[in-house]
Amino acid sequence: MAAAKKISALRGMRDALSEEYAQRRDIEAALAQHLRQHGYAPIDVPIVEQTELYLRKYGEEYSARLYDFSFKNRRIALRPELSASILRAYVDKLQGEPLPLRLRYAGAVFRYEKPQQYRWRQFTQAGAELLGAGGARADAELLYLACSGLERLGIREYRLVIGVDMLGGFLHNLGLRFQLLNFLLRNMENLRKYGEAHVVAALQAIYPQFQAEAREALAEPATGKQLIALLREMSDAEAHQAVSEFLNSLNIRVASNRDEGEVIDRLLYKIREDQQNPKLRRALDYMARLKPLAGAPAETLARARALAAEYQLEQCALDALERTLAALADHGKLGGSVEVDLGMNRGLNYYSGMVFEIYCPSENGAEIQVCGGGRYDALISNLGGGDLPAAGFAWGIERLASALPAAARLAQPALDVVIIPLAAADFAAAYQIARDLRERDLCVEVSIDGRGLRRGLRAAHRRGAAAAVIIGESERARGTASLRAMRSREQHIVPLSDLPNRVEDICRARG
RNA sequence: GUGGGCGUAGCUCAAUGGCAGAGCACCUGAUUGUGGUUCAGGCGGUUGAGGGUUCGAGCCCCUUCGUCCACCCCA
């Protein structure tokens, strides 16, 4: 018979084998205990949700990253994170709870992205949500929890980067088209990395009308200025109708093989798009000024205030950040470093106020993000709940595992004892001994392969057992067992009544 | 979405276009009641799949699938 074809795991999905899995569980347990001690209550939520939940949170553009499918005429998705589910559950079931409500969670999440190092399609997150509390104290509590959690795991070296958005609001107030606004938001990081010329080139690829050097002067001819301004004020349909009527009243026919409607659309597009140029120019200038606003908190804040004053922007976001930093300092000194980044927008539009990320050096030296979070005060009402402040964060468990210093990796619980029955008649006694030892909380395995003492001891050695208990005819005849300490190779015949104590001694000595 | 690398034994990998191999692991025995070593032997493959070129393909060409890495983006 030909061997059946092997079935391998799906792409981006990994089997966590014994050691890796045990380590992950240890990390989860330590973080759960950490959060528990800060008053966070556990909550578990479904792995699948209505896709609508995530569309509300992220918007339709991000749905490509979801495991999203229709099933029996319903559109459902695997959760890409747990926070949305927690807030949904809050709206559904917990609105009567006393506030603030502190919740913690852990579980698998799924994202349909191309897998690469430290990035899989299924991974594990643990995190916390703080509902019904806004302001600096709440923000600082979360920042502190996220950092001290790392320290509890033995991670001393990390970098906390806190941001408030100084970009999104600015661009929004400029009145840029949605597509261009999104482009600029997404390219703040590129502006930093590759400079303005790079971003301008990318911008012109999606918006060829943009002239990098264009200033407001040449866009506006003096005549017809009022008419153009008027057209810009109208809705698309109104403007289209107005131009159409205008042309008809002058008895102008469009002499081309294109439809009149198309020509008008094109004309309107031109009239309206031209005004994007000066706005883009202003946006790029502002972004260039924002670019260096990252680094040590006090100094960066001071420079940010100067910029905000120059552009006559509200200072309240910066005030809030300053209060949060002060509140964080009240928690005591952190082991890692703290930075501020005022260009940070986590590519996501649901954040309001503080956002943060934590980076660690991974085992191969490169820096990876191990934690992220922020405040999303509008989210609960978007999900049909009341107007309630909400903030939270999540750690990436697998990434934490790779950032754990070797010294902090927790030792795996080893097998304590292997019991080796020598013949079929010895098994009943062997199982009885195993039960007695397990009552002392020992990890005990009975060798069932029946391949003799030599193989049994070899197996015990390879399994890392501290002791072997040999039970054969001669031992049974006297109500004893042979107890062998694997490391020292010392072996004694021990009465069964003494056996548990003697085994415990050996296991303790193993250290 | 874009660009690379790699698919050969359970694992890590060899093999000028010319008999598909090694190490590790596994199994048996030397040692029938004594485990880190040693020695002797053994099991193990449609070389990811399909097509093409060739007297001959693991190797060259095409297609496809899988996988890893990087970019984009994200935790």
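No experiment lies behind these values; they were computed from the predicted model shown. (Residues numbered from 1 in each chain as written. Chains lettered and ligands numbered in written order. Predicted model: local features only at pLDDT ≥ 70, side-chain atom pairs only at ≥ 80, totals over all residues. Heavy atoms only, no water.)

S.K.: How do you make sense of a positive patch on the surface when you look at a structure like this?
M.R.: Together, Arg-454, Arg-455, Arg-458 and Arg-462 line one region of the surface with positive charge. In this fold, Arg-455 is placed in helix α17 (residues 452–462). (Patch = residues over 30% accessible without salt bridge, like charges linked within 9 Å, V, L, I, M, F, W, Y side chains within 5 Å. Areas by Shrake-Rupley, 256 points an atom, 1.4 Å probe, with all protein chains shown as cover. Salt bridge = Lys/Arg side-chain N within 4 Å of Asp/Glu carboxyl O. Lys, Arg positive; Asp, Glu negative; His and termini not counted. Charge placed at Lys NZ, Arg CZ, Asp CG, Glu CD. Helix = DSSP H or I, 4+ residues; strand = E, 2+ residues; numbered from the N terminus.)

S.K.: Would you take a moment to explain the nonpolar core for this structure?
M.R.: The nonpolar side chains of soluble globular proteins are, as a tendency, buried together. Leu-171, Ile-358, Phe-393, Trp-395 and Leu-400 are the most contacted members of the largest nonpolar core, which has 78 residues in total. Element by element, the count of residues in this core is highest for helix α4 (residues 135–152), at nine residues. Each of two domains, domain 1 (18–41 + 85–166 + 300–408) and domain 2 (178–280), supplies a minimum of three residues to this core. Not counting residues up to four positions away in its chain, the partners in contact with Ile-358 are Ala-146, Cys-147, Leu-150, Tyr-158, Arg-159, Leu-160, Ile-368, Gln-369, Val-370 and Cys-371. (Core = buried A, V, L, I, M, F, W, Y, C linked by side-chain atoms within 4.5 Å. Buried < 20%, exposed > 50% of the residue type's maximum accessible area, 1.4 Å probe, protein only. Domains from an automatic or database assignment. Contact = heavy atoms within 4.5 Å.)

S.K.: For this particular structure, what's the right way to read the pairing of strand β9 (residues 337–341)?
M.R.: Here is the key point about a regular strand: its side chains alternate between the two faces of the sheet. As judged from the four bridges shared by strand β7 (residues 159–163) and β9, these two strands associate in the parallel manner. For Leu-160, the partnering residue across the bridge sits in β9 and is Val-338. Where strand β8 (residues 294–295) and β9 come together, two bridges link them in antiparallel fashion. Note on β9: the bridge partner recorded for Gly-295 is Val-340. (Pairing = 2+ DSSP bridges.)

S.K.: Help me understand the sheet that holds strand β3 (residues 68–71), please; the structure alone is not making it clear to me.
M.R.: What holds strands together in a sheet is hydrogen bonding between their backbones, with the strands either parallel or antiparallel. Reading across from one edge, β2-β4-β3 is the order of the three strands in this open sheet, with antiparallel pairing throughout. With partners counted over all chains shown, the strands left at the sheet margins are β2 (48–50) and β3, one partner each. Strand-to-strand twist of the sheet, defined as the mean angle between neighbouring strand axes without regard to direction, takes the value 40°. Judged from the four bridges that link them, β3 and strand β4 (residues 74–78) form a sheet pairing that is antiparallel. Within β4, the position partnered with Ser-70 by the bridge is Arg-75. Running over the sheet, helix α2 (residues 51–58) touches β2, β3 and β4 and is turned about 70° from β2. (Axes fitted to C-alpha atoms, helices over the stretch in contact; angles between N-to-C directions.)

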